[in-house]
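Survey of secondary and tertiary structure
Single-letter residue listing:
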Amino acid sequence: MIPEKSEIVVIGGGIVGVTIAHELAKRGEEVTLVEKRFIGSGSTFRCGTGIRQQFNDEANVQVMKRSVELWKKYSEEYGFKFEQTGYLFLLYDDEEVEIFKQNIKIQNKFGVPTRLITPEEAKEIVPLLDISEVIAASWNPTDGKADPFHSTTAFALKAKEYGAKILEYTEVKGFIIENNEIKGVKTNRGVIKTGIVVNATNAWAKLINAMAGIKTSIPIEPYKHQAVITQPIKRGTIKPMVISFKYGHAYLTQTAHGGIIGGVGYEVGPTYDLTPTYEFLREVSYYFSKIIPALKNLLILRTWAGYYAKTPDSNPAIGKVEGVSDYYIAAGFSGHGFMMAPAVAEMVADLITKGKTELPVEWYDPHRFERGELRTVALQMG
Ligand SMILES: Cc1cc2nc3c(=O)[nH]c(=O)nc-3n(C[C@H](O)[C@H](O)[C@H](O)COP(=O)(O)OP(=O)(O)OC[C@H]3O[C@@H](n4cnc5c(N)ncnc54)[C@H](O)[C@@H]3O)c2cc1C
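Named according to an unreviewed UniProt entry, the protein is Sarcosine oxidase, subunit beta originating from Pyrococcus furiosus.

Shown next as structure tokens:
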């Protein structure tokens, strides 16, 4: 049975919707989350596990610093795995070093302890690295990784304990809107009366916006990004997330099971297709073995695809959307929404319960696109 009414309805059961529902329920709000398939079935369970504070603008650095605090807190409290094994950006020329020096300055300003290290120091952190072309690296030991399955499920279970209703296989089909006010959400299982809606459907966000008759242009498009997993090897072989923009915008790390997981910048779209491609398999093999030649000897077990829900400046749209009250959006994470989720949940819950937040949410203003105020393009992986 679905509830007849709920103060707040969150649409989308990925990490973003789940952490928002969790945060609202924890604050004592009456919240119902509706997910058209099962929890995590969108991009969340397809993601690369990475959590970093190494961004190139003040807002994302501050938000990710807070997010890492929350990842730490909740992983300890709820018993899922979050490891601070660092992010290592390999740099190959002076221009890259200059850009990363600027980024490090911004990160240090907010207490993120990133520093520029030598190729030899990088090799101490990951002994299998080929550093013959590397001239420096950007290293932050407090970045990390978390298991998307464990963490999303843990947040969902806790949200329920705090009283949130989580409805799987419940698809939003439309809204009941009177005088620009939301009165209810129509689902395939009936109507839930509500006055407050949060669109947390990421790659599908534009479809939900259209159902709500949102006039503001919030350009979010689905792009196919792929990932790979190899056979497991000795744990602890590759502790941090290793990044190389020179070699295919590649990112790779080792999972808790021992396999090497990661991807490259190879992108297809806009599309809702999710078939893995041979071109990706070839590129990922080539680039990964340029960064760590020993990976040539490993078997690839599986490749798969998921969506990056991209905006023109690679920053999400987070906040209240004018025109229909009370309609909030938290979508368009452009390939780094997993890491942001706990802080996004805090911002959205603050906006709903207090009308303001201490985190710099205005950076993600959903109305910036129509005003032509695009932000610095956020550092995107893959
Ligand atoms: C290969 C790959 C690697 C990635 N690596 C990383 C990484 O290392 N770190 C990182 O931070 N991010 C990474 N990402 C991005 C990350 O996966 C996403 O940003 C994040 O999962 C977005 O979460 P979400 O909850 O917003 O969206 P989703 O997980 O996609 O959830 C949206 C949900 O909405 C539901 N939905 C849609 N329409 C409806 C409807 N009408 N009614 C009800 N429900 C609906 C969907 O079923 C879906 O479950 C990666 C992505 C990919 C594809």
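1. Things to note about the domain arrangement of the protein
We note that the domain assignment places domain 1 (1-84 + 142-217 + 311-381) and domain 2 (85-141 + 219-308) within the protein. Summarising the inter-unit geometry, the C-alpha centres of domain 1 and domain 2 are found 26 Å apart. At the interface, 43 residues of domain 1 touch 41 residues of domain 2. Regarding the contact of domain 1 and domain 2, the summed buried area is about 3400 Å², with carbon and sulfur atoms giving 61% of it. When the buried area of domain 1 at its contact with domain 2 is split by residue, Arg46, Gln54 and Met381 rank highest and sum to 21% of it. The set of elements that each furnish at least two residues to the side of domain 1 that touches domain 2 consists of strand E3 (50-51), helix H2 (58-78), strand E8 (144-146), helix H6 (205-211) and strand E21 (327-331). For the side of domain 1 that touches domain 2, the element with the highest residue contribution is H2, accounting for four residues.

2. Quick word on the pairing of strand E20 (residues 317-321)
Burial within E20 is extensive, with four of its five residues counted as buried. Between E20 and the antiparallel strand that follows it, E21, lie five residues; Gly323 among them carries a positive phi value of about 110 degrees.

3. Observations regarding the packing of aromatic side chains
In total, this model carries 20 aromatic pairs according to the counting rule given. Each ring, one from Trp71 and one from Phe155, has its centre 6.2 Å from the other, and the planes form 70 degrees; the classification is edge-to-face. With Trp71 in helix H2 and Phe155 in helix H5 (residues 148-161), the pair connects residues that are 84 residues apart, well separated along the chain. In this structure, Trp71 and Phe155 share a single accessibility class: buried. Look at Trp204 and Tyr272: their rings are 6.4 Å apart centre to centre, the planes differ by 20 degrees, and that puts the pair in the stacked class. You can see Trp204 sitting in the loop between strand E13 (196-199) and H6 and its partner Tyr272 sitting in the loop between strand E18 (267-268) and helix H7 (278-291), a full 68 residues away along the chain. Among the aromatic residues, those joined into a cluster by ring pairs are Trp71, Tyr74, Tyr78, Phe80, Phe82, Phe155 and Phe338.

4. Some points on the sheet that holds E8
The sheet built from three strands is open, its strands ordered E3-E8-E4 with antiparallel pairing. Where the open sheet ends on each side, the last strands, each with one partner, are E3 and strand E4 (82-83). Sheet topology places E4 next to E8; two bridges connect them, and they run antiparallel. Bridged to Phe82 within E8 is Ala146.

5. Details of the pairing of strand E15 (residues 241-244)
Across the two faces of E15 the burial is the same, with Met241 and Ile243 and Val242 and Ser244 all buried. Sheet topology note: the E15/strand E16 (residues 250-254) ladder contains three bridges and is antiparallel. Paired with Val242 across the two strands is Leu252, which belongs to E16. Taking the residues that link successive antiparallel strands as the turn, the E15-E16 hairpin has five residues, and the phi of Gly248 there is positive, at about 75 degrees.

6. Structural notes on the site of the ligand
Around the ligand sit 39 residues, and of these Glu35, Ser43, Thr44, Gly48 and Met339 come closest. With respect to the ligand, the side chain of Thr44 contributes an N or O atom lying 2.6 Å from an oxygen atom. Between a nitrogen atom of the ligand and a main-chain N or O atom of Val172, the distance comes to 2.9 Å. Put simply, the parts of the chain that give the shell around the ligand at least two residues each are helix H1 (15-26), strand E14 (221-230), strand E19 (300-310) and helix H8 (337-354).

7. A word on a negative patch on the surface
On the surface, Asp93, Asp94, Glu95 and Glu98 cluster together to form a negatively charged patch. Within the secondary structure, Glu98 sits in helix H3 (residues 94-109).

8. Some points on the sheet that holds strand E11 (residues 181-187)
What the three strands build is an open sheet, ordered E10-E11-E12; its pairing is antiparallel. Unpaired on one side and paired on the other, strand E10 (172-178) and strand E12 (190-193) mark the two borders of the sheet. When the angles between neighbouring strand axes are averaged without regard to direction, this sheet yields 25 degrees. Examined bridge by bridge, E11 and E12 share four bridges and lie antiparallel to one another. Bridged to Thr187 within E12 is Gly190.

9. So, the pattern of salt bridges
Applying the stated rule across the entire model yields 20 salt bridges. Residues Arg27 and Glu23 are paired through a salt bridge, measuring 3.1 Å at the closest nitrogen-oxygen approach. Glu181 serves as the salt-bridge partner of Lys183, at 3.3 Å between the closest nitrogen and oxygen. Lys183 sits in the partly exposed class, given a relative accessible area of 35%. Glu181 gets classed as partly exposed once you look at its relative accessible area, which sits at 37%. In the salt-bridge network here, residues are joined through shared partners; they are Glu23, Arg27, Asp350 and Lys354.

Criteria and cut-off values
Chains are numbered independently. Their residues run from 1 in the order of the written sequence. Reporting of local features is limited, given that this is a predicted model, to residues whose pLDDT is at least 70; pairs of side-chain atoms are given and counted only at 80 or more, and all residues count toward the totals for whole chains, interfaces and linings. The side-chain numbers reported here are obtained from all heavy atoms of the structure, hydrogens and water having been left aside. Delimitation of the domains relies on an automatic or database domain assignment. We call two residues contacting when some pair of their heavy atoms lies within 4.5 Å. Accessible area, probed at 1.4 Å, shrinks when two parts are joined; the buried area is that loss added up over both. Helical segments are the DSSP runs of H or I of at least four residues, strand segments are the runs of E of at least two, and each set is numbered from the N terminus. Relative accessibility thresholds used throughout: buried, under 20% of the residue-type maximum; exposed, over 50%; partly exposed, between the two (1.4 Å probe, protein chains only). Note on pairing: DSSP must find at least two bridges between two strands before they are called paired. A pair of Phe, Tyr and Trp rings is counted when the ring centres sit within 6.5 Å of each other, with Trp represented by its six-membered ring. The angle between the planes then sorts it: under 30 degrees is stacked, over 60 is edge-to-face, the rest tilted. One heavy atom within 4 Å of a molecule or strand is enough for the residue carrying it to be called near that molecule or strand. N or O atoms within 3.5 Å of each other form a polar contact, as long as, within protein, one can give a hydrogen and the other can take it, and as long as residues adjacent in sequence are counted only when both atoms are side-chain atoms. Residues forming no salt bridge and having over 30% relative accessible area are the ones grouped into patches, like charges within 9 Å of each other and nonpolar side chains (Val, Leu, Ile, Met, Phe, Trp, Tyr) within 5 Å. In short, Shrake-Rupley with a 1.4 Å probe defines the accessible areas, and a residue's cover is counted only from the protein chains shown. Within this document, salt bridges are pairs made up of a side-chain nitrogen of Lys or Arg and a carboxyl oxygen of Asp or Glu, the two lying within 4 Å of each other. Within this scheme the basic residues Lys and Arg register as positive and the acidic residues Asp and Glu register as negative, but His and the chain ends are omitted. Throughout, a charge is located at the NZ atom of Lys, the CZ atom of Arg, the CG atom of Asp or the CD atom of Glu. As a rule, the C-alpha atoms of each element are fitted with a line to give its axis, helices using only the stretch in contact, and angles between N-to-C directions run from 0 to 180 degrees.

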